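# Examination of the molecular architecture
Chain residues, written in single-letter form:
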Amino acid sequence: MHVPDGFIDAPVSAATAAVAAAAVGVSLRGARRELDDKAAPLAGLVAAFVFAVQMLNFPVAAGTSGHLLGGALAAILVGPYTGVLCISVVLLMQGVLFADGGLTALGVNITDMGVVTTVVAYAVFRALVRVLPRGRTGLSVASFAAALISVPAAAAAFTLIYALGGTTDVPVGQVFTAMTGVHVLIGLGEAAITALTVSAVAAVRPDLVHGARDLLRPLELRTAAVTLPASPALSSRRDGDQPERRDPAVPDGLSGDRHRRAGSRGPAAVAAEGVAEAVSESAGAGTATEPKNAIAPRSAKRLWLVGVAAALVCAGGLSYYASTSPDGLEKVAHDKGIDSKEEAHAAKDSPLADYQVKDVSDERLSGGLAGVIGVGATLAAGTAVFVVLRRRRPARTESETAAP
Amino acid sequence: MSAGHAHKLYRHARTPVHALPPHCKIAAVLAFVLTVVATPREAVWAFALYAVLIAAAAAAARIPVAFLLRRLLIEIPFVAFALLMPFVVPGEQVHVLGLSLSGPGLWGAWNVLAKGTLGVAASVVLASTTELRSLLLGLQRLRMPPLLVQIASFMIRYGDVVTDEMRRMRIARESRGFTARGVRHWGVLAKSAGALFIRSYERGERVHLAMVSRGYTGTMPVTDDTPATRTQWTYAAALPLAALAVCLTGWTLT
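Residues numbered from 1 in each chain as written. Chains lettered and ligands numbered in written order. Predicted model: local features only at pLDDT ≥ 70, side-chain atom pairs only at ≥ 80, totals over all residues. Heavy atoms only, no water.

With that out of the way, let us pick up helix α5 (residues 106-131) of chain A. The end-to-end C-alpha separation of α5(A) is 36 Å, in line with the 38 Å expected for 26 residues at 1.5 Å each. At Val116(A), α5(A) shows its largest bend, some 25°. (Helix = DSSP H or I, 4+ residues; strand = E, 2+ residues; numbered from the N terminus. Expected span 1.5 Å × (residues − 1). Bend = angle between axes of the 7 residues up to and from the residue.)

This paragraph deals with the pattern of salt bridges. Evaluated as defined, the whole model comprises seven salt bridges over all chains. Note that Glu42(B) and Arg41(B) form a salt bridge whose closest N and O atoms lie 3.7 Å from each other. Glu165(B) serves as the salt-bridge partner of Arg203(B), at 3.3 Å between the closest nitrogen and oxygen. Of this pair, Arg203(B) sits in helix α9 (residues 186-212) while Glu165(B) sits in helix α8 (residues 146-175), and the two are 38 residues apart along the sequence. Summarising the burial analysis for this pair, Arg203(B) and Glu165(B) share the class buried. Linked by salt bridges that have partners in common, Arg205(A), Asp207(A) and Glu202(B) make up one network. (Salt bridge = Lys/Arg side-chain N within 4 Å of Asp/Glu carboxyl O. Buried < 20%, exposed > 50% of the residue type's maximum accessible area, 1.4 Å probe, protein only.)

All names here are of chain A. Mapped onto the present numbering, the UniProt feature "transmembrane region" (unreviewed entry) falls on residues 7-28, 40-60, 72-93, 105-129, 141-164, 184-204, 303-322 and 368-389. As annotated, residues 7-28 has a helix share of 86% and a strand share of 0%, and its two end C-alpha atoms lie 29 Å apart. Counted over residues 141-164, helix gives 100% and strand 0%. Its end C-alpha atoms are 35 Å apart. (UniProt positions renumbered as here; feature names shortened; annotations may be inferred.)

Here we take up the UniProt feature "transmembrane region" (unreviewed entry) in chain B. Residue and element names in this part refer to chain B. Under the local residue numbering, the UniProt record ascribes the feature "transmembrane region" (unreviewed entry) to residues 20-38, 44-65, 72-89, 109-130 and 233-253. Between the C-alpha atoms that bound residues 72-89 the distance is 26 Å, and the span itself is 78% helix and 0% strand. Along residues 233-253 the backbone is 100% helical and 0% strand, and the end-to-end C-alpha distance reaches 30 Å.

Time to look at unusual backbone geometry. All names here are of chain B. Residues other than glycine seldom take positive phi values, yet Arg 62 does so here, at roughly 55°. Residue placement: Arg 62 occurs in the loop between α3 (44-60) and α4 (65-72). Phi is positive for Arg 143, which is not a glycine, with a value near 70°. You can see Arg 143 is positioned in the loop between α7 (132-141) and α8.

Mapped onto the elements, Leu103(A) comes out in the loop between α4 (80-97) and α5. Separated by 99 residues in sequence, Leu103(A) and Pro4(A) have C-alpha atoms that sit 7.8 Å apart. Filtering out sequence-adjacent residues up to four positions away, Leu103(A) remains in contact with Asp5(A), Gly95(A), Val96(A), Val29(B), Leu30(B) and Ser123(B). (Contact = heavy atoms within 4.5 Å.)

Residue and element names in this part refer to chain B. Across the interface, helix α5 (residues 76-88) lies against helix α6 (residues 103-129) with an axial gap of 7 Å and an inter-helix angle of 165°. With respect to α6, the axis of α5 lies roughly antiparallel. You can see that α5 and α6 cross each other, and the crossing is left-handed. Contacts between α5 and α6 involve Phe 78, Val 79, Ala 82, Met 85 and Pro 86 from the former and Gly 105, Leu 106, Gly 108, Ala 109, Val 112 and Leu 113 from the latter. Each residue belonging to the contact of α5 with α6 can be placed in one class, and the counts come to nine nonpolar, two polar and no charged. (Axes fitted to C-alpha atoms, helices over the stretch in contact; angles between N-to-C directions. Parallel < 35°, antiparallel > 145°, perpendicular 65-115°, else oblique. Left-handed = near helix turned anticlockwise from the far one by under 90°. Nonpolar A, V, L, I, M, F, W, Y, C, P; charged D, E, K, R; others polar.)

Counting residues in hydrophobic clusters, the biggest one holds 126 residues, and the most contacted among them are Met93(A), Val209(A), Phe32(B), Tyr50(B) and Phe197(B). In this structure, Phe32(B) is in contact with Tyr50(B), Leu53(B), Ile54(B), Leu118(B), Ala122(B), Leu239(B), Pro240(B) and Ala243(B), ignoring residues within four places of it in sequence. Among the nonpolar cores identified, the runner-up in size contains 19 residues, and Ile161(A), Val175(A), Ala82(B) and Val112(B) belong to it. (Core = buried A, V, L, I, M, F, W, Y, C linked by side-chain atoms within 4.5 Å.)

With that out of the way, let us pick up the interface of chain B and chain A. Facing the 75 residues of chain B at the interface are 66 residues of chain A. Here chain B and chain A share an interface that buries about 6000 Å² over both sides, 81% of which is from carbon and sulfur atoms. The largest share of the area that chain B buries against chain A comes from Met155(B), Trp186(B) and Phe197(B), three residues that together contribute 13% of it. Linking chain B with chain A are one salt bridge, by the criterion used here. The residue Arg205(A) makes a salt bridge to Glu202(B) at a minimum N-O spacing of 2.4 Å. On inspection of chain B and its partner chain A, the count reaches three residue pairs in polar contact (both at pLDDT 80 or more). Secondary-structure elements contributing two or more residues to the side of chain B that touches chain A are α2 (22-38), α5, α6, α7, α8 and α9 of chain B. (Buried area = accessible area lost by both parts, 1.4 Å probe. Polar contact = N/O pair within 3.5 Å; in protein donor to acceptor, adjacent residues only side chain to side chain.)

Looking now at a nonpolar patch on the surface. Together, Leu84(B), Phe87(B), Val88(B) and Leu99(B) make up a nonpolar patch on the protein surface, roughly 370 Å² of accessible area in all. Within the secondary structure layout, Phe87(B) lies in helix α5. (Patch = residues over 30% accessible without salt bridge, like charges linked within 9 Å, V, L, I, M, F, W, Y side chains within 5 Å. Areas by Shrake-Rupley, 256 points an atom, 1.4 Å probe, with all protein chains shown as cover.)

Turning our eyes to something else, we now look at the side chain of Ser13(A). All names here are of chain A. Structurally, Ser 13 can be placed in helix α1 (residues 10-35). We classify Ser 13 as buried; its relative accessible area is 7%. Reaching out from Ser 13, the side chain makes a polar contact with the backbone oxygen of Ile 8 at a distance of 3.3 Å. A distance of 2.9 Å separates a polar atom in the side chain of Ser 13 from the backbone oxygen of Asp 9. Not counting chain neighbours up to four residues away, the residues in contact with Ser 13 comprise Ile 8, Thr 104 and Val 108.

Written out as structure tokens, the structure reads:
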């Protein structure tokens, strides 16, 4: 949503213009450091891409359609610095050429849609992508969350600017509710499209996904001991622009498919296959050497710890603020008097009945404690199931390999 | 691709407004819009005078009225928002045509509509009298960072190329029987968007290599740097100065 002239008063417009100018200045420096003299053409083309992709219509239902805003996508694909530059340039051009968004509101628009969206999306994306398992699924989930959060975050930032310098007297609470409500819906669409697009890019050129550059495996030359004298065709091929060397020791039938895929998808694609696939491939090919620099599968411990921490925070801390009648059905039943004949649950007298700890008088503390204990119990049960399953799995694979 | 390639928003003519140096025009429009925004909303007559000023500038640039009005349609989303305001803003109620509307809401809607429309009209006059290339040159002369100007110029220069690429992909999809009807088809569209990104990025890399091989070191040479004369600045300043006079009168009278 492009803010027009006259919506935000002059002092706040000037202040946001200063913020926007500072952010763009920092981004210029960062982009130059990252891209060197490539910055201008690359950022320019990416800005053209953002501009074009905003015209791509995604049908929702019954004739309505939406389009991508592109902030989160740009942040994930080209990084926060270049992303801020691209979105800012798009906004600038839209304001000057198409009169979309006022000239005096340019600072508001850039701060809101350019800086807040991009920075929030990138921060969320990086935080999640470190925690989630590697591979395209983790990447998609992280992009989904990043885009989903970045859009309402921009709406909230707009509300803040509006609260500081709005020229109309719409109550701030109402503006916040309306803006955030609408933008959560928009964010869902944005999130789905962003996740799908990032996943599509990661499948073909994972080296272009800036936000996950250090998490994917670097380009790798697959070498093996050359058993045959190199034929002219082979050596010319080696000198050519294909960095992948064909392994003559691998029979055609085994590796042909892999090489054809690698060739058609560009050399970088080879580097990008998920760890699991690479490992299984090299194991399957048998004669191919194991890649020495393969990244060890990430230990599940960190993921587990973060999950536990999040669950404990939710259960112990946030349940303070939870509604006392959280269950819609319970509330409706109570209001309509359906529950007059309700019989108490069999576990009513248990120490944790009604999500409160017995003998703890402080209601909030009690609720939080009950939550924490509940999380602990659920976790213990879940871990037990998981451990049992894992114990059984190796046994099954052994029996499977033994069977044929 | 770059020289003499006019964009759809530009209307070629030989008028004093077209002949002004771009940076004078940009500065004048910015000063004008700032003045409009700083005007108190109770001075209704001031906004009428601003509209007369913009109309005079458009007439001097020989921009047809229909063209100007059509370009004003861009602000329709905000008109809808402004029309909602009288209903949601709390405050004393006034009765207009049997509807109960809030007074502050009406003022707010008027404020956004008047200032927004004047801002859009000023931008339209600027964009339809200034070529893209000179617009960017003007921004550069107004001390916008050169890298930002370069990024903007690449975006403008390749915007049509990338959009055409997207159009070709759409034609390719449709000629294979694909029509996007709902959420289920987002995957295909997103894959197109991903392919478009990769193509744009790779084109950027090729463009950079082509530039490096022609001696690019990070800055673009400025070939036609003619500073504006004092007379030109005076002409350009006529619009914002007149607006400033109106604004000051508005402040003293209300």
